[in-house]
Each structure stands twice: as structure tokens, then as C-alpha cells.
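Spelled out from the first residue to the last, the chains are:
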Amino acid sequence: MDWESVIGLEVHIQLATRSKIFSGAGAAFGAEPNTQACGVDLGLPGTLPVLNREALRMALTFGLAIEAEIASECRFDRKNYFYPDLPKGYQISQFEAPVVKGGAIVISAGEAEQRIGITRAHLEEDAGKSLHEDYAGMTGIDLNRAGTPLLEVVSEPELRSAAQAAAFFRELRALARYLRISDGNLNEGSMRCDANVSVRRRGATALGERTEVKNLNSFRFIERAIRHEIARQIDVLEGGGEVSRETRLYDAERDETRPMRGKELSDDYRYFPDPDLLPVRITEALLAEARAQVPELPRAKRRRYQETLGLSAAEAWQLAEEPSMAAYFEAVAGAAPPRRAAHWMMDQVAAALNRSGLDIAVCPVPAAQLAQLLQRIEDGVVSGKIAATIFEVLWNEGGDVDAIIAERGLRQLSDADALTGIVAQVVAAHPGQAQQFRDGKAKLLGFFVGQVMQATAGKADPKQANALLLKALQDP
Amino acid sequence: MNQEVLDKLTRLAQLALAPEEARLALADLRAIVTLIDELQTVDTDGVAPLAHPLDMEQPLRADAVTEQPARERYQAGAPLTRDGLYLVPKVVE
């Protein structure tokens, strides 16, 4: 039987504001428990929420970036449910009038690009954290996260595979980081994803019954959990059973999803307008401010890297994924050959960052120095091999490329006479190999080039050495 | 509005009503629903929905931390705390 899967994602993006969405408490990650929860976050009587302007601005920036429709007014509602990490007994969210409606995110899973519609994106407050570890049989509650601003992005059910769902999440993360609305840190829960999954016979138009899979917080888990859930549903249907509408939790350790208990009443949230919050008017001034924060987006950047700078698709993806990486690359590529810059970024620079555990944002080698170094390779002043040595010096000791070349005598031997002498000596010192070369063992040329490089401490221009060697070997 | 709806509402609101309280609540809610039914008969064609009784816009605050940590003060009224956490009866997922 041929099945098609239909997937929609709901992604919660934690907005990178300094304070909470409705209070002046701090919103930094990792503070001591309950030291960033004030009276508003605790739902104390007599307190009133006041909307954080920056949270609203970030939601608008996101909406503009995905070319959504932005209404002139949005409103907040109460979503009612009981849980100990939700002190008020309701979450302030947006139901009837979200800040962002429509728009799309373009993904590329494989070669072709695909446009995935966005149903809506709305602002809401996060809940606190429940710690179920051992507190003498009780649950510990940390309300630091309560009231942290979230942007919940809901996609249309237009994703057709687990790989596409992961690609969507990846693109959304890149976008959030480019827009500087979230740090996108998955380990700290800055982006959390739920998936609505159903399957149907290929060619069918009606949707199958769906399940909601929760707790998907990494690219790998999203793909694995959805793939697992699709297979489970197909199994159920092919066995003559029915998929029941339920919420399932993904267990990464056992690589399976299983139903959550005690949910029978929880889907009745009794939304109603929050009387503590007035309608929010989206002014032209606010929109202009939000628009000014939309930079060149990842997709446009990747296209430019390929079309204008001549990079491959894979190179463009790698260099454009993180805004700080892209910024460094562009600074280098602006003053050195772009393709060489790309190769160095993904080779020497990536390896050195990896070794030292550093982020590109704090790379010890300034982009201008790397550019200068690459330009010296281009000019024929140093070979690639010597350049790698200079890069190590720049990384460990700092300094100026030209000064390092001069002080350490690293300039490539371009004096043909000097090199001709060395070539002659090398050929003379290896008469056996020279004879074998003349007898047709052409790959021995590499051996001679190696000898010349050794004799010159790497300073010979390999191209020139090649030419001189060929000449010396062929007519002794 | 009947007993069944009332039972559902009290469950959602996590309220335990004594039989006499339930009887009174049902009567009150019926009266309220009747009032709402009456309101529904008003012709509102061409009238913009009212989102809030106050004719005002939501004021916005600048994104600044204005609250200082005051955990001890807030936790003074809590029945049980440990390691800075509020303790509540075990919640099972």
C-alpha cells in the first residue's frame, strides 16, 4: 500500500528580550531558581501585565521576514488549564487575533525548494518548569521561565516527510537567528517543536486522523520521532485498526512515541479575551522599526553566494547557516578571492575553531588578516602550505601577515635561477628515480616536487618547481 | 445549561460544589445564559466587535529589567520550599 504522510509543525521560539513579556523581571537563562520571578509572573493578586514593546517588535520583524499579513491590531486571550508551573491558572496567549497571519517559509530538503505556508504566529508567555526529581515525593517548581516571551509559529499541514519537517525547523532556526529574535539554542530549550502527524492513501484528498507528537527539541529527534510515528500509524491502519486522536510524547532513549496520560479534559481551554490587557495597535512607526531589523535572509544569502561568488550549494549552506559565520566569511571574501575564502573557512578555520572549541564570533584571527593571507597566496608570495603555517602563527600569536612573512623569511622562491640550481641538485642526487621517470614512470614527478619543497623548506612555488623539474628530467 | 454542563465546568475549574451550592450555581448560570441569549437577539450588523470596554490602547513597556530578585519575600507565604523551589504534590505526566 502506498501511503502519504501529512505533517504540520508548531514551533515555540523563545524571544531574546532582556525582560519578561508582561513584567520587568529578568529573562536570562540559568539563574538561581525563582530569582527571576516577580509578582506578575507569580500571578499575585493586584498585579497587572504590561506588554513588552520589544517582544512585539520581534514578532513583527518575524512577520515581515516571512511576508505575512500583519493586522493593524492584535489581542491577548487567556488559555485556561491547571498545572503547578502555571501560577495564574491560565496562560496569556493570542487566540482570536494573532499578531502574524499567513506568510511562508521556503525550505530545501534535497535539491528543490518548497514553500511551506505559515498559518499564524502568535505571542504568548512561557510556563515555569516542573522538576520531577526527588523532592521527598514532591515536585519542585521553578518559575524563572514563567512569563518568558514566546513566539509560537504554526505551519500549514504542508510537510510531506520527516526530512522536510527537519528542514523546516532548521530554516526557521536560521531565520530566528538572522533576525536576532532568538538565540535558537536548542540545548537550553530556546526552540521547542510539536508535530501534528497523519497519514493517508496516496492520492486521497481528505486528511487522516492525526496525533500530536510533543517534546521534539533537536533536528535529529524531530526526524526520528516523526519517521517513527508515520511508521506506527501505517502499521495500525494496515492492521485494520484506526489511529486515535491523541497526544504522544517522544522518548528519545527508546526511540518511540507513547500516549500521554490524563489528557481527556485538557483540550478544553475555554479561551476568552484577557480583560487585563487592552487591544494592541500596530502603528506605522512600530512597523517601520520592525522592518529596519530585517537583514538579508539566509535563503537570499545562499543564492548570492552561489550566483555571485561562485560557491557550490553545499558551501553556501554551510557558510550561511550561522549569521556570525556568514559575516566573517563576507568580510574575508570582500578582500580576497571568494572561493578560496570559502575553502579556507571550511577547512583551516573550521578545524581550528573545532580544536579550540571557539565560536567564529570570537575567532582570534581577524577577517582582514585572513583576507590578506589569502591574497598573498593569490599573488604568488606564499604557497598554500606556507600559508597554513602563517595561519597557525596568526591564530596563536596574532600579528600582521606581511610582517610575519618578512620576519620569518617565508616568501616563496620565485627567483627562477635559484630554483633551477636546486632542481638540478635534486635531479642529480636521485639518478635512479630520474631514469625511471624517463622510462615512463610519470608519477615520480610528485616525488621530485616533494624533494624540491623539502630542500626549500616549502618556499618553492610548486607550479614553477613542476615546470623546471619536467625540463630538467626530460633533457638531462 | 444543565447538570451535565455544570459538572463539566466544575471539573474544568477544579471546584467541588456541595449539592446545595451546585443547585444555586445552576440557577445562577441559567439566569446568566438567559441574559446572554437575550443579548444575542440584538441586531449588531455593521457594528464593529468590541474587544475591551475601555476605549484605550495597550500601553507598552520598554524592554528593561526593573524587578530585583526577592525570592525570600515571595516564598515567605509558600507552604513548602526547598533549594529555592516551591514544592507541590507530585505531578505525574
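Residues numbered from 1 in each chain as written. Chains lettered and ligands numbered in written order. Predicted model: local features only at pLDDT ≥ 70, side-chain atom pairs only at ≥ 80, totals over all residues. Heavy atoms only, no water.

Outline the overall build of chain B, supporting the account with residue identities and numerical values.
Of regular secondary structure, chain B possesses three helices and three strands. Listed N to C, the secondary structure of chain B is α-α-β-α-β-β in terms of helices and strands. For 93 residues, the compact-globule estimate of 2.2 N^0.38 gives 12 Å, and chain B exceeds it by more than 25% at 22 Å. With respect to the principal axes defined by its C-alpha atoms, chain B has extents near 55 × 45 × 25 Å. Within the span of chain B, comprising 93 residues, buried residues form 20% of the whole. Surface exposure of chain B reaches about 7,300 Å², of which carbon and sulfur atoms provide 57%. The positive charge centre, built from 9 side chains, and the negative charge centre, built from 16, are 13 Å apart in chain B. (Helix = DSSP H or I, 4+ residues; strand = E, 2+ residues; numbered from the N terminus. Rg over C-alpha atoms; globule rule 2.2 N^0.38 Å. Buried < 20%, exposed > 50% of the residue type's maximum accessible area, 1.4 Å probe, protein only. Areas by Shrake-Rupley, 256 points an atom, 1.4 Å probe, with all protein chains shown as cover. Lys, Arg positive; Asp, Glu negative; His and termini not counted. Charge placed at Lys NZ, Arg CZ, Asp CG, Glu CD.)

Could you give me a rundown of the confidence of the model for chain B, with the residues and numbers involved?
Residue and element names in this part refer to chain B. Across chain B, the average pLDDT comes to 92, with 98% of residues at 70 or higher. Across chain B, element-level confidence peaks in strand β1 (residues 60-61) with a mean pLDDT of 97 and bottoms out in helix α1 (residues 3-12) with 91. If you check the scores for this complex, the pTM reads 0.83 and the ipTM reads 0.90. (pLDDT = per-residue confidence, 0-100.)

So what's going on with the nonpolar core? Residues and values would help.
Nonpolar side chains tend to gather and get buried jointly when the protein is soluble and globular. Counting 66 residues, the largest nonpolar core has Leu 9, Leu 56, Phe 62, Leu 151, Phe 168 and Ile 226 of chain A as the members making the most contacts within it. Among the elements that take part in this core, helix α2 (residues 162-178) of chain A stands out by supplying nine residues, more than any other. Apart from the residues lying within four places of it in its own chain, the contact partners of Leu 56 of chain A are Leu 51, Cys 74, Val 99, Leu 123, Val 280, Ile 282 and Leu 286 of chain A together with Leu 60 of chain B. (Core = buried A, V, L, I, M, F, W, Y, C linked by side-chain atoms within 4.5 Å. Contact = heavy atoms within 4.5 Å.)

So, the pairing of strand β15 (residues 256-259) of chain A: which residues are in play, and what are the values?
Regular strands place side chains that alternate from one sheet face to the opposite one. Residues and elements named next belong to chain A. Both strand β14 (residues 247-251) and β15 contribute to a ladder of four bridges, which runs antiparallel. Across the sheet, the residue bridging to Arg 248 is Pro 259, located in β15. Taking the residues that link successive antiparallel strands as the turn, the β14-β15 hairpin has four residues, and the phi of Asp 255 there is positive, at about 50°. (Pairing = 2+ DSSP bridges.)

Mind laying out helix α5 (residues 298-307) of chain A, listing which residues take part and the relevant values?
All names here are of chain A. Of the positions making up α5, those classed as buried are Pro 298, Lys 301, Arg 302 and Tyr 305. For α5, the buried positions fall inside an angular range of 100° around the axis, keeping them on one side. Structurally, α5 contributes buried residues whose contacts are with α2, α6 (313-320) and α7 (323-333). (Arc of directions from axis to C-beta.)

A description of the sheet that holds strand β16 (residues 272-273) of chain A should follow, citing residues and the corresponding values.
All names here are of chain A. Across the sheet, which stays open at both edges, the three strands sit in the order β5-β4-β16 with antiparallel pairing between neighbours. Single-partner strands in this sheet number two, and they are β5 (90-93) and β16. Pairing analysis gives four bridges linking strand β4 (residues 77-80) to β5, with the strands arranged antiparallel. Within the sheet, the bridge partner assigned to Arg 78 lies in β5 and is Ile 92.

Which residues make up the interface of chain B and chain A, and what are the values?
With 37 residues of chain B at the interface, the matching set in chain A holds 56 residues. Regarding the contact of chain B and chain A, the summed buried area is about 4,100 Å², with carbon and sulfur atoms giving 61% of it. For the pair chain B and chain A, the interface holds two salt bridges. The closest approach of N and O atoms between Arg 281 of chain A and Glu 57 of chain B, which form a salt bridge, is 2.7 Å. On inspection of chain B and its partner chain A, the count reaches 22 residue pairs in polar contact (both at pLDDT 80 or more). Among the secondary structure elements, those contributing two or more residues to the side of chain B that touches chain A are α1, β1, α3 (71-75) and β3 (85-89) of chain B. Take the side of chain B that touches chain A: its biggest share by element is five residues, from β3 of chain B. (Buried area = accessible area lost by both parts, 1.4 Å probe. Salt bridge = Lys/Arg side-chain N within 4 Å of Asp/Glu carboxyl O. Polar contact = N/O pair within 3.5 Å; in protein donor to acceptor, adjacent residues only side chain to side chain.)

Give a description of the pattern of salt bridges that names residues and reports values.
Residues and elements named next belong to chain A. Per the counting criterion, the structure on display carries 41 salt bridges over all chains. In this structure, Arg 302 engages Glu 171 in a salt bridge whose closest nitrogen and oxygen atoms are separated by 2.9 Å. Taken together, the positions of Arg 302 in helix α5 and Glu 171 in helix α2 put the pair 131 residues apart, joining distant regions of the chain. In this structure, Arg 302 and Glu 171 share a single accessibility class: buried. Across the salt bridge formed by Asp 194 and Lys 214, the nearest N and O atoms sit 3.1 Å from each other. Here Lys 214 lies in strand β13 (residues 211-216) and Asp 194 lies in strand β12 (residues 191-201), a separation of 20 residues in the sequence.

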